[in-house]
Amino acid sequence: MLAIFTVLLVVSVYVPIFSIIGALFLLLPFLIYSAKYPVAPAFGLFVAAIGVSFIIGGIVSVPVAIMYGTTGLIMGVLIRKKSDGWIVYMGGSLVFLFNLVAQYAASMLLLDISFVDEFSNSFKQSMAQTSSMLGQEVPYTDKEINDLIQYISAILPAIFVILAFLAVLLLRTLNYPIIKRLGVKAKPLNPFRTVRLPRTILWYYLLFMISAVFVKPDPGTNWYVIYVNVMFVVQACLYIQGLSFVFFFAHSKKWPKAIPVVLALLSIPLIPLLYLIRLLGIIDLGFDLRQRMQKKP
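Residues numbered from 1 in each chain as written. Predicted model: local features only at pLDDT ≥ 70, side-chain atom pairs only at ≥ 80, totals over all residues. Heavy atoms only, no water.

Undergrad: Just checking my understanding: could you explain the layout of surface pockets for this structure?
TA: Left-over empty space is what a probe sized like a water molecule reveals as it rolls over the atoms. As a volume, the largest pocket reaches approximately 1700 Å³. Those elements that provide at least two residues to the lining of the largest pocket are α6 (85-110), α9 (156-181), α11 (222-252), α12 (258-266) and α13 (271-287). The element best represented in the lining of the largest pocket is α11, accounting for 11 residues. Partitioned by chemical class, the residues of the lining of the largest pocket number 34 nonpolar, 5 polar and 6 charged. Of the volumes computed, that of the second largest pocket is approximately 670 Å³. As for the second largest pocket, its lining consists of 30 residues, and the residues nearest its centre are Pro63, Gln103, Tyr104, Ser107 and Leu111. At the level of elements, α1 (2-14), α5 (62-80), α6 and α9 are the ones that each hand at least two residues to the lining of the second largest pocket. When grouped by side-chain class, the residues that make up the lining of the second largest pocket number 23 nonpolar, 7 polar and no charged. (1 Å grid on protein atoms, 1.4 Å probe; cavity = no way out; pocket = protein on both sides within 12 Å on 5 of 7 lines; lining within 4 Å. Points joined across faces, edges and corners; volume = space filled by probe spheres on them. Helix = DSSP H or I, 4+ residues; strand = E, 2+ residues; numbered from the N terminus. Nonpolar A, V, L, I, M, F, W, Y, C, P; charged D, E, K, R; others polar.)

This is the structure in structure tokens:
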């Protein structure tokens, strides 16, 4: 497993064309080993991998080994304990999230690198270059650009949460077929159409919307940071709930599987469709829409 990790790390560091492919499977050795063997030897593999990563790529590669190693270890341990598929996914996502936050904080403190500042400079440069190429003025005012950057800076915690859960979902999708071929028995996730999020999410959504009427979330205040982060995560959850209902409805009507997939892909660039799916999520949570459909003769 250490040899496999070394090869994947070399590919992800030194082979530009295949670097992304190598990074997507760095989780695999830790996942397999910790799913088959106790925690102590699995932790030994993790420590050895950190040493190898330092030799191969220097100090820059160590955080990569820590991120994938800890995520793979916790997921493998949970698989070995025969935990539910969603528990394994949640455990890996939370560990991945902790790594993202810790490494971002370390980059700010030790390297004096700010994601927000880098994004601000890159965005302003790209806007200036685009306007010069088209021979037109920048379509947005400085205030609008600064407001956008301030908003992104405020919702950075929520972005980390969404990014961590999407990243682990992708890693799980790619690595699980391999570990199953190698004899690791992992419980699958329930079909997406069966996903039902807690109804309390809807109450959080209503509570924060009403609160914003009485206490306006002005940019720069702590209330603004709390409000935009909670609303960003809650709206994402409502979108997931609505998308799950779309898959449920398509399955109940025996539609081709491609239809809900196409709707999900189109909802990313088509904002009205995204709002419609999120509205379906609100209705489904608030009025038990699926239950009512199933009761119909």
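From this point on, the discussion continues.
Undergrad: Would you take a moment to explain a positive patch on the surface for this structure?
TA: On the surface, Arg80, Lys82, Lys185 and Lys187 cluster together into a positively charged patch. By secondary structure assignment, the location of lysine 82 is in the loop between α5 and α6. (Patch = residues over 30% accessible without salt bridge, like charges linked within 9 Å, V, L, I, M, F, W, Y side chains within 5 Å. Areas by Shrake-Rupley, 256 points an atom, 1.4 Å probe, with all protein chains shown as cover. Salt bridge = Lys/Arg side-chain N within 4 Å of Asp/Glu carboxyl O. Lys, Arg positive; Asp, Glu negative; His and termini not counted. Charge placed at Lys NZ, Arg CZ, Asp CG, Glu CD.)

Undergrad: Is there a simple way to explain the packing of aromatic side chains in this structure?
TA: Aromatic ring pairs: the centre-centre distance and the angle between the two ring planes describe each pair. The full count for this structure, using the stated rule, is 13 aromatic pairs. On the numbers, 6.4 Å between centres and 80° between planes, the contact of tyrosine 68 with phenylalanine 96 is edge-to-face. Residue tyrosine 68 is found in helix α5, and its partner phenylalanine 96 is found in helix α6; the two are separated by 28 residues along the sequence. Assigned by exposure class, tyrosine 68 and phenylalanine 96 land together as buried. Residues tryptophan 223 and tyrosine 227 carry aromatic rings whose centres are separated by 5.8 Å and whose planes lie at 50° to one another, so their mutual orientation is tilted. Of this pair, tryptophan 223 and tyrosine 227 both sit in helix α11, 4 residues apart, roughly one helical turn. (Phe/Tyr/Trp six-rings, centres within 6.5 Å; stacked < 30°, edge-to-face > 60°. Buried < 20%, exposed > 50% of the residue type's maximum accessible area, 1.4 Å probe, protein only.)

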